[in-house]
Amino acid sequence: MKTQYMCASFIRSIILLLLFTTIAFAQEENKTVADTLVYKQKYGLRLGADVSKLARTFLDDNYTGFEVMGDYRLTKRIYIAGEIGNEERTLENEVFNNTSKGSYFKGGVDINFYKNWLDMENMIYAGFRVGASTYSQTLNNYKVYDINNQYWNSELFSVEDGTEFKGLTAIWGEIQVGLKAELFNNLFAGVNVQLKFLVSETKPNNYDNLFIPGFNRTYDSGAIGGGFGFNLSYLVPIFKKDKIVIQEKEEE
């Protein structure tokens, strides 16, 4: 009886050992391995134009403008970026008509927060700019109160002026948030919104700045400005760097 019990225990031990060995080999066969994939990322100069300003030029009789933009990729996520443009806008209401025109430049950096898959080059970014503008303003006409009439009632009458204030300048900081998506090979479409903070400005004598090219209007917002843009751009590749992607898979 004792011998039979020992034999049964030995057989059970052998069976358990074989079972554990089989499971271990199965796990070894199905273990996760990693493949290393290498893609070429493009580094170069991307140039484009703000098509929203061109469209507004054709649709709005009181506005003319254009903007050329560009960026250069420094690292995987950081880009040097800037815009240069020219704007002319006429503001008119019930008491005055004023035309502002001039050129501007903005320069800064963009940081890409979008993690591209494989060889994609898309961007979801936030950036900062320092902007500067030189411009002039022309007071075309304005209206004043005339109280010297026979009924002693005040009324408005128009005065043709044409006074031009030249050599005006402004400096501001700008936060920009946007995206750029590749439509075709090296061709991108982008959209962005801008929040601007006026740092300094020169004002005409006995007058005020109503619109600053590159900054936007100031008479109802003070030192805070805003804007948006829609652009098309083309990437000119200069060189490429390896992008290493480690991809995990189950081994059969």
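The present account deals with the structure reproduced in this document.

What counts, and where the lines are drawn
- Residues numbered from 1 in each chain as written.
- Predicted model: local features only at pLDDT ≥ 70, side-chain atom pairs only at ≥ 80, totals over all residues.
- Heavy atoms only, no water.
- Helix = DSSP H or I, 4+ residues; strand = E, 2+ residues; numbered from the N terminus.
- Buried < 20%, exposed > 50% of the residue type's maximum accessible area, 1.4 Å probe, protein only.
- Contact = heavy atoms within 4.5 Å.
- Areas by Shrake-Rupley, 256 points an atom, 1.4 Å probe, with all protein chains shown as cover.
- 1 Å grid on protein atoms, 1.4 Å probe; cavity = no way out; pocket = protein on both sides within 12 Å on 5 of 7 lines; lining within 4 Å.
- Points joined across faces, edges and corners; volume = space filled by probe spheres on them.
- Phe/Tyr/Trp six-rings, centres within 6.5 Å; stacked < 30°, edge-to-face > 60°.
- Lys NZ or Arg CZ within 6 Å of the ring centre and 35° of its normal.
- Salt bridge = Lys/Arg side-chain N within 4 Å of Asp/Glu carboxyl O.
- Core = buried A, V, L, I, M, F, W, Y, C linked by side-chain atoms within 4.5 Å.
- Pairing = 2+ DSSP bridges.

**Some thoughts on the overall build of the protein**
- In terms of regular secondary structure, the protein is built from two helices and ten strands.
- Secondary structure of the protein in N-to-C order comes out as α-β-α-β-β-β-β-β-β-β-β-β.
- In the protein, which comprises 252 residues, the proportion classed as buried is 33%.
- Here the analysis covers contacts within the protein between residues at least 6 apart in sequence; of these, 65% occur between residues at least 24 apart.
- Split by element, the accessible area of the protein, about 15900 Å² in all, is 62% carbon and sulfur.

**With respect to empty space enclosed by the protein**
- Applying the stated rule across the entire model yields two cavities of 30 Å³ or more.
- Quantified by volume, the largest cavity comes out at close to 90 Å³.
- If you go around the largest cavity, you meet 14 residues; those closest to its centre are Met69, Glu83, Gln176, Asn192 and Asn231.
- Of all the secondary structure elements, the ones that give two or more residues to the lining of the largest cavity are strand 2 (63–73), strand 3 (78–92), strand 5 (123–146), strand 6 (155–184), strand 7 (187–201) and strand 10 (224–250).

**Details of the packing of aromatic side chains**
- Inspection of the entire model under this criterion finds three aromatic pairs.
- Considering the side-chain rings of Phe165 and Tyr207, the 5.3 Å spacing of their centres and the 20 degrees angle between planes classify their relative orientation as stacked. With Phe165 in strand 6 and Tyr207 in the loop between strand 7 and strand 8 (211–212), this residue pair connects regions lying 42 residues apart in the sequence.
- Above the face of the Tyr63 ring, Arg56 is positioned so that its terminal group lies 4.2 Å from the ring centre.
- If you follow Lys180 out to its NZ or CZ, it ends over the ring of Tyr125, 5.5 Å from the centre.

**What about the pattern of salt bridges?**
- By the definition in use, this model includes twelve salt bridges.
- Close ionic contact of Asp110 with Arg129 constitutes a salt bridge, the shortest N to O distance being 2.8 Å. Of the two residues, Asp110 sits in strand 4 (residues 96–112) while Arg129 sits in strand 5, which places them 19 residues apart along the sequence.
- Overall, Arg129 belongs to the buried group, its relative accessible area being 1%.
- One continuous salt-bridge network, built from bridges that share partners, spans Glu83, Lys106, Asp110, Arg129, Glu174 and Lys196.

**Overview of the environment of Phe66**
- You can see Phe66 is positioned in strand 2.
- Overall, the relative accessible area of 41% leaves Phe66 in the partly exposed class.
- Taking C-alpha positions, Phe66 is 9.5 Å from Ala55, a pair spaced eleven residues apart along the chain.
- Apart from the residues lying within four places of it in its own chain, the contact partners of Phe66 are Lys53, Leu54, Ile84, Gly85, Asn86 and Tyr104.

**Looking at the nonpolar core**
- Counting nine residues, the largest nonpolar core is built from Tyr104, Tyr135, Phe165, Leu168, Ala170, Trp172, Leu198, Ile212 and Phe215.
- The biggest single contributor to this core is strand 6, with four residues.
- The residues contacting Leu198, other than those within four sequence positions of it, are Ala170, Ile171, Trp172, Ile212, Phe215 and Ala223.
- Core analysis: the second largest hydrophobic core is formed by five residues, Leu91, Phe96, Leu139 and Leu210 among them.

**Comments concerning the pairing of strand 3**
- Bridge count between strand 2 and strand 3: eleven bridges; the pairing is antiparallel. Considered in strand 3, the bridge of Asp71 is made with Ala81.
- Linking two consecutive strands that pair antiparallel, namely strand 2 and strand 3, is a turn of four residues.
- Here strand 3 folds back onto strand 4, and the loop between the two strands holds three residues.

Scope: geometric values only; no functional claims are made or implied.
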